[in-house]
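Secondary and tertiary structure notes
What follows is the residue order along each chain.
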Amino acid sequence: MVDPLTTSIVGWGFSAAGWLISPILTRFLNKCFDALGIDLPPYLLFRKHALFEKLENLQTILLPQLLILTEAAQQSPHRPLLKQWLQKLRYAFYEAEHVLGLVEYKRLEKEVNSFFPLETKFSAKKVKIKLFKFCSEKKKLVKSLENIEKIVNEATDKLVGLLNLSSNSINNSTHRPNVQYRETTSTSGSMVIGRDKDRDEIVKLLRENLLESSSNANCYSVIGIWGMGGSGKTTLAQYVCEYEKEANYFDLVIWAHVSQTFNVHAILKKISESAYMEPCPDFSSLEVLQSKVEEKLRGQRYFMVLDDAWCDKTVSEQEVDQLFAPLKAGKRGSKILVTSRIEEAAIILRAKNPVPLRELDKEQFLSLFMCKALGDTQIRNNHLEKRLLSIGEQIVAKLCRSPLAATTVAGQLRRRVPEPDFWLSILNTGLLNDTMGALYLSYQYLPPPLQRCFQFCSIFYKGQKFGHDHLVNLWIAEGFIEAEVSNEHMKDIANRYILELISSSFFQVDERQGNKYFMHDLMHDLAELVSEGECFRIENGNEKEIPTQTRHVSVLPNMLEEYMERICKLKYLCTIMVQPQLRFTGTKERVNLNALFMKSRQLRVVHIDGCLVEKNLESVLKLRNLRYLSVQFTIHGNSKSYNSLNQLYQLCVLDTGRQHISNVGRLISLHKLKEFHIERASGFEIKQLKHLTNLYGSLSIYGLHNVESKEEANQAKLSAKDLHKLKLYWGYESKDVLRDIDVETLEGLCPPPQIKELSIHGYTGKRFPSWISENNENIIHLKHLELSDCRGLEALKRINELCNLQYLTISNLPRLNSWEPLPLSVTKLKLDCLPIAFARKKDIEMLTSTRISRISDIVNFLDNTFGDNAYAAMEFNFDWVEEMMELSDNEQMVSTISKDIEKCLVKKLDNLIFQFTNTYDEQFFLPALEKLSIRSCFITDKILARSLKGLTSLTHVTLEDIITITCIPKEVLSLLNNIMVLEVYRCLLLKSIGGWDTHRSLQKFTIDFCPSLILQTSIDTKNCNNLELTSSLCILKEVMLDGCMPSDDILQGLISLKTLFVWNCPTIVDLHIGHLKSLVCLFVRDCPNIVSLRGCSELENLYSLDVTGCQKLECYSDTDKLPQLYKLYISRFSLVAQLISISGFSSLVILRFYKVQLEYFSPEECEVLHYLSSLEELNFLDCKLRSLPPLLCLLSLKKLSIRGCVNLIVLAELPPSTQTISILECNEEFTRSCKDTSHPNWHKISHIPKKNIER
């Protein structure tokens, strides 16, 4: 195998099929043996032994030879010949794989019919025809295998001679990769940029002393760092070495480059040469070499680097022991630093908790690139320097922060005198070919099944995040998962594959969603290269022709119809994935897939997201090898065609949205069934789950009210399935239904012992089943429990015994009559609509007696603050509209607003006070609790305060619709040292929250419609020293104030604030924000009395501003104008000039008009548009405009969106830069004119590539 840098340029063709020259083909042939060995047709029996002998010869002799042939050919002028031969073998393999799938389909059909007897319509004649077809498929399989054998024989007959390899040299060779490596040393020889912090952290670890745990403890400890090829691991290790050589802390600094082949003798020789600083004699004895190393290390505190280790499972524990044996002779405090591309390699070399190498930040990476590109060259021309820096920024944006890529590309630039034209030529050519070699070497080192899995991932878009379960299901459906042990579950193997790809840096874990992954752009480029001819993405900007041999295709929803004819011509098509690049919210494309299903018989995966599939799906029954069928949106068609899906016996994943399929129990290969709906009709009984023994992961069962007995529920056999998440739904129409049979039903639905998440909704039984309340061994590992709308449940018996429970939701249990202590392990608790009063009896009595006066205060506030708009405020914040309509005698609800609100509030509070079933006046003792949410519950100030004081681990608190609390004292909030989020929604009697703006850990504070709350600052604004001190302690990042009465100085000390929401606060007149220098987003909505935003000129970091619904807002002072802004939402166009300085006009990129009341823009307002030179997106939402202003002057405009503008008649001329226009929910005449090719409105938008026009 040649230098990977060379291979990366000219050898990608071998990569797509390279995995085939491996045990994958051997294991496939074994599957064929098994398939042909069962019920082999009589007329083929006479050929059985001869065929098996040939196949065995292919496995044991020919395939090992192919590995040698492949390697030799890479250095031969006959590379094209081998590449052509590999292509033939690959497609012969695919053909055989397809035929084997048809044989497997027949086998499964036979098995299914043994569970579900054939219906009478299947005559004996039809059964014979099926059996004949079974034999026919096996005959096709034999021919496919003979074709493979012929191709392999052809390789050995023709290629051996061409490559000058004798048969003996092939047969006697042991395959070992012959890779040329770069040998690393302890000195880098160049300036290191951006790694000072990483070096210091490693040096700190090197100074840590070993614990004197025992007399025979090792004298050394091992530190590991890992990351993708070219990420800078070796450079960092060299940086540390250079530092330690100067520091003289260690007696010896030793460097050994391990490389891909783990050879103990070779590594010890390098250690010896580095320690002695002289060549090491060629000792034939390992023991002598160990003694020499031991002699040098004895009594010395050493620092050793084992660089670029490639250990894997093939490295034995004995080999590692042999390597580390002489290293024990050193002095205590010795350290070993291991660098590797693979986390597992560092662990094998005894590193504890190896850490991934972080990426350089944007500025550091640019500095590295410019330093490497310019070297010692002095640029004296400022204009040239800025120009080169600008081009350099564009180049580094393509290099994905890979130091190796930066060094390689910069090296090309450094060879010439710095000139912009040359730099631009480099920018516009392929930058990464030379850097792919390092990554390709990592790819080659992957086991063949992982190579195949990684190749497939090029079907995802760049930057796209893919879910863990989604990827596992795709790999299984494609047949990529290879079991090493016969009883090992494929999902467990796939899980292991993902972990290996993560530890090798091929996948990155999404920090926000740990169960989702993405590929670094460089890795995505690598995946595209090694999957050339296999995978193809149809996306905007990709004008390439689809290769005829393509097997896996992904396409954007809006491009499917355009490419459908070309996709249908792909003979080997195995996968069609229709997926939007971003979260899909637009109009769904309508497509007909019948033609595709009729022509693409090898399809295994059909994933439709973002489309409505029209007509019926009869043609899908032709796809006998279909393993994965997922349709995310409603399919239009007759139910009969869906019910026939139960004949696709190889389906592993089935997701058809809301369509229910009868007799789903016939799909015995199913691994993933998103939902199962029980109906009182044949084919929809719960017993359909009985034979789905391969189900794993999550399952939701709906319609359990249709189950009539424990015996019937038992037929689901849930306890025997590999489920980790189970949701059970009853669906009674009446809320008054209570059925004892539900207890028996739930008794029969005992989940498996490995269950982690359990949700029970709509259950009407009075008690828990025995597997919860008596013998809960089956749910002892439960971590997440949700009880919702369980209207008959009276007690939570023995719930405190679930010692592993972490997340608990108890919602709407109206007959719950007792409260028991909860498991101490709970970290997240949500209580919603419970009849338990968390209060003392005297608190209840006091609230009862004062309820009318308290509510009267609220109503007076609403009257005084909102006037006739009080009802609108209530409607926006509450779901009480129906109740208020029932209480009101006036349908218009204008003159009796206060009376209606008062009636509604009294009813709500009375229901809460007089319908509780019990009281609980003890504080919650949950020491591990981190997140607490209480909604629509009866809890008083005393109990809430006592409980919060004891919940010292809390990070999130949410109080919602609680109309029994009046205050949260400062002394209570101050005890919650870890709280980061405090949210209070619709707590109508709440009057005060103390210490919120001086808390040391609080980062997000939300108040939503608490009309009694007078929110004041806790800071002494008159004392400047105190103001400065308290402001420095507050770390609040986000504040939302909605429907409350904040004081004028409410924002005084919030200097760390980044996001501020002020909504529906009519008492605010002047908002002083100049001191909020960290502010990024500001939303001031529906504040009818606000006049000004003071100090805007100080907000240099403000990115987004929304001031819609603020009709009195005027800003004329220069101190109130923003220096720059990216995004602006307004209701009056005149505010553009008032809010932004003239110099800041060019920074505006997104502008939205919301509820503009004018019909036309004035000439002065239209003139301002000429200054918006960077505006790319313009939106008009719910405006009364009859025509748009002139827009031709917006030379950067890319997207225009018009929605809900019912008066609009005339469309403006649009600049050539416009790429997208969206017209939605406008008047019918205007919408029709924009589609009419003869209308002037159409001519104004005909040049725009993407149009979305819907009434």
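How each quantity is defined
- Residues numbered from 1 in each chain as written.
- Predicted model: local features only at pLDDT ≥ 70, side-chain atom pairs only at ≥ 80, totals over all residues.
- Heavy atoms only, no water.
- Helix = DSSP H or I, 4+ residues; strand = E, 2+ residues; numbered from the N terminus.
- Buried < 20%, exposed > 50% of the residue type's maximum accessible area, 1.4 Å probe, protein only.
- Contact = heavy atoms within 4.5 Å.
- Areas by Shrake-Rupley, 256 points an atom, 1.4 Å probe, with all protein chains shown as cover.
- Pairing = 2+ DSSP bridges.
- Axes fitted to C-alpha atoms, helices over the stretch in contact; angles between N-to-C directions.
- Parallel < 35°, antiparallel > 145°, perpendicular 65-115°, else oblique.
- Nonpolar A, V, L, I, M, F, W, Y, C, P; charged D, E, K, R; others polar.
- 1 Å grid on protein atoms, 1.4 Å probe; cavity = no way out; pocket = protein on both sides within 12 Å on 5 of 7 lines; lining within 4 Å.
- Points joined across faces, edges and corners; volume = space filled by probe spheres on them.
- Salt bridge = Lys/Arg side-chain N within 4 Å of Asp/Glu carboxyl O.
- Phe/Tyr/Trp six-rings, centres within 6.5 Å; stacked < 30°, edge-to-face > 60°.
- Lys NZ or Arg CZ within 6 Å of the ring centre and 35° of its normal.
- Polar contact = N/O pair within 3.5 Å; in protein donor to acceptor, adjacent residues only side chain to side chain.
- pLDDT = per-residue confidence, 0-100.
- Expected span 1.5 Å × (residues − 1).
- Arc of directions from axis to C-beta.

Looking at the overall build of the chain
Check the secondary structure of the chain and you find 39 helices and 47 strands. Across the 1255 residues in the chain, those meeting the buried criterion constitute 53%. Counting contacts in the chain only where the partners sit at least 6 residues apart, residues at least 24 apart contribute 61% of the total. Of the roughly 56100 Å² of accessible surface on the chain, 49% is carried by carbon and sulfur atoms.

A look at the sheet that holds strand S2 (residues 252-259)
Strand order in the open sheet formed by 5 strands is S2-S3-S4-S1-S5, and the pairing between neighbours is parallel. With one partner strand each, in any of the chains shown, S2 and strand S5 (355-356) form the two edges of the open sheet. Pairing geometry for S2 and strand S3 (residues 302-309), over 7 bridges, is parallel. For Leu-252, the partnering residue across the bridge sits in S3 and is Tyr-302. Strand contacts of helix H9 (residues 233-247): strand S1 (220-226), S2, S3 and strand S4 (334-340), with the helix running at about 165° to S2, the strand carrying the most contacts.

Considerations on the packing of helix H19 (residues 448-456) against helix H21 (residues 490-503)
Two quantities define a packed helix pair, namely the angle between the axes and the distance from one axis to the other. Contact geometry of H19 with H21 gives a least axis separation of 11 Å together with a crossing angle of 80°. On the basis of the axis angle, H19 is roughly perpendicular to H21. Between H19, through Pro-449, Leu-450, Cys-453 and Phe-454, and H21, the contact on the second element is made entirely by Tyr-497, Glu-500 and Leu-501. Looking at the contact of H19 with H21 residue by residue, the class counts come to 6 nonpolar, no polar and 1 charged.

As for empty space enclosed by the protein
Inspection of the entire model under this criterion finds 7 cavities of 30 Å³ or more. Reported here for the largest cavity is a volume of approximately 170 Å³. As for the largest cavity, its lining consists of 14 residues, and the residues nearest its centre are Gln-659, His-660, Ile-661, Leu-673 and Glu-675. Counting residues per element, the ones that place at least two in the lining of the largest cavity are strand S16 (653-655) and strand S18 (675-677). For the lining of the largest cavity, the leading source of residues is S18, giving 3 residues. In the lining of the largest cavity, the residues fall into 6 nonpolar, 5 polar and 3 charged.

A closer look at the pattern of salt bridges
Taken as a whole and judged by the stated rule, the model has 35 salt bridges. Among the salt bridges present, the one from Glu-539 reaches Arg-537, with a minimum N-O distance of 2.9 Å. An identical accessibility class is assigned to Glu-539 and Arg-537; each is buried. By sharing partners, the salt bridges in this structure join Asp-832, Arg-935, Glu-960, Asp-961 and Arg-986 into a single network.

Concerning the side chain of Thr-1108
Tracing the backbone through its elements, the reader meets Thr-1108 in the loop between strand S41 (1104-1106) and strand S42 (1127-1130). When residues no more than four places from it in sequence are discounted, the contact partners of Thr-1108 are Val-1084, Arg-1085, Asp-1086, Tyr-1129, Ile-1130, Ser-1131 and Tyr-1154.

What to know about the packing of helix H15 (residues 382-396) against helix H17 (residues 420-427)
For the pair H15 and H17, interaxial distance at closest approach is 10 Å and the crossing angle is 5°. For the element pair H15 / H17, the angle class is roughly parallel. Residues Leu-384, Arg-387, Leu-388, Ile-391, Gly-392, Gln-394 and Ile-395 of H15 form the contact with H17, whose participating residues are Pro-420, Trp-423, Leu-424 and Leu-427. The residue inventory of the contact of H15 with H17, partitioned by class, reads 8 nonpolar, 2 polar and 1 charged.

Some words on the sheet that holds strand S17 (residues 672-673)
The strand order across the open sheet built from 7 strands is S9-S10-S11-S13-S15-S16-S17, with neighbouring strands paired in parallel fashion. The open sheet has two edge strands, strand S9 (535-538) and S17, and neither has a second partner. Direction of pairing for strand S15 (residues 628-631) relative to S16: parallel, over a ladder of 3 bridges. Opposite Ser-630, over in S16, you have Asp-655 as the bridge partner.

Structural notes on the pairing of strand S39 (residues 1081-1085)
Regular strands have side chains that alternate between both faces of the sheet. Of all 5 residues in S39, 4 are buried; the element is thus mostly enclosed. Sheet analysis places S39 next to S41, joined by 3 bridges and oriented parallel. In the sheet register, Cys-1081 faces S41, and the bridge partner there is Ser-1104.

Overview of the environment of Ile-271
Checked against the element boundaries, Ile-271 lands in helix H10 (residues 264-276). As for Ile-271 and His-257, which are separated by 14 residues in sequence, their C-alpha atoms are 8.8 Å apart. For Ile-271, the contacting residues outside a window of four places in its chain are Ile-254, Ala-256, Val-293, Met-304, Leu-306 and Leu-323.

Topic: the packing of aromatic side chains
A complete count under the given rule lists 26 aromatic pairs for this structure. Measuring from ring centre to ring centre gives 4.5 Å for Phe-460 and Phe-466, while their planes differ by 15°; the resulting arrangement is stacked. Across the pair, Phe-466 and Phe-460 agree in class, each one buried. The ring of Tyr-249 carries Arg-301 above its face, with NZ or CZ at 3.9 Å from the centroid. Looking at Arg-566, its charged tip hangs above the ring of Tyr-563, at a distance of 4.1 Å from the centre.

A closer look at the side chain of Arg-986
Structurally, Arg-986 can be placed in the loop between strand S31 (981-985) and strand S32 (992-993). At a separation of 2.6 Å, a polar atom in the side chain of Arg-986 contacts the side chain of Glu-960. A polar side-chain atom of Arg-986 sits 2.8 Å from a polar atom in the side chain of Asp-961.

Comments concerning the confidence of the model for the chain
Confidence in the prediction of the chain, expressed as mean pLDDT, is 80, and 77% of residues score 70 or more. Note on residues 1-14: pLDDT under 50 across the span, and 40 contacts to partners over four residues away in sequence or across chains.

Topic: H10
Here H10 contains 13 residues, and its C-alpha end-to-end distance of 18 Å stays within 8% of the 18 Å for a straight helix at 1.5 Å per residue. Here H10 has its buried residues at Val-264, Ile-267, Leu-268, Ile-271, Ser-272, Ser-274 and Ala-275. Projection of H10 onto a plane perpendicular to its axis shows the buried side chains occupying an angular sector of 170°, all on one side. Buried residues belonging to H10 abut S2, helix H11 (286-297), S3 and helix H12 (317-324). Where H10 begins, one side-chain oxygen reaches toward the backbone nitrogen of His-265, 3.0 Å away; that side chain belongs to Asn-263. Downstream of H10 by one or two residues, Met-277 has phi in the positive range, about 60°.

Notes on unusual backbone geometry
Even without glycine at this site, Arg-350 takes up a positive phi of about 70°. Mapped onto the elements, Arg-350 comes out in the loop between helix H13 (343-348) and S5. Classification of Arg-350 as partly exposed rests on a relative accessible area of 27%. The backbone phi angle of Asp-961 is positive, close to 55°, even though this residue is not glycine. Tracing the sequence through the fold places Asp-961 in the loop between strand S29 (956-960) and strand S30 (967-968). Classification of Asp-961 as buried rests on a relative accessible area of 16%.

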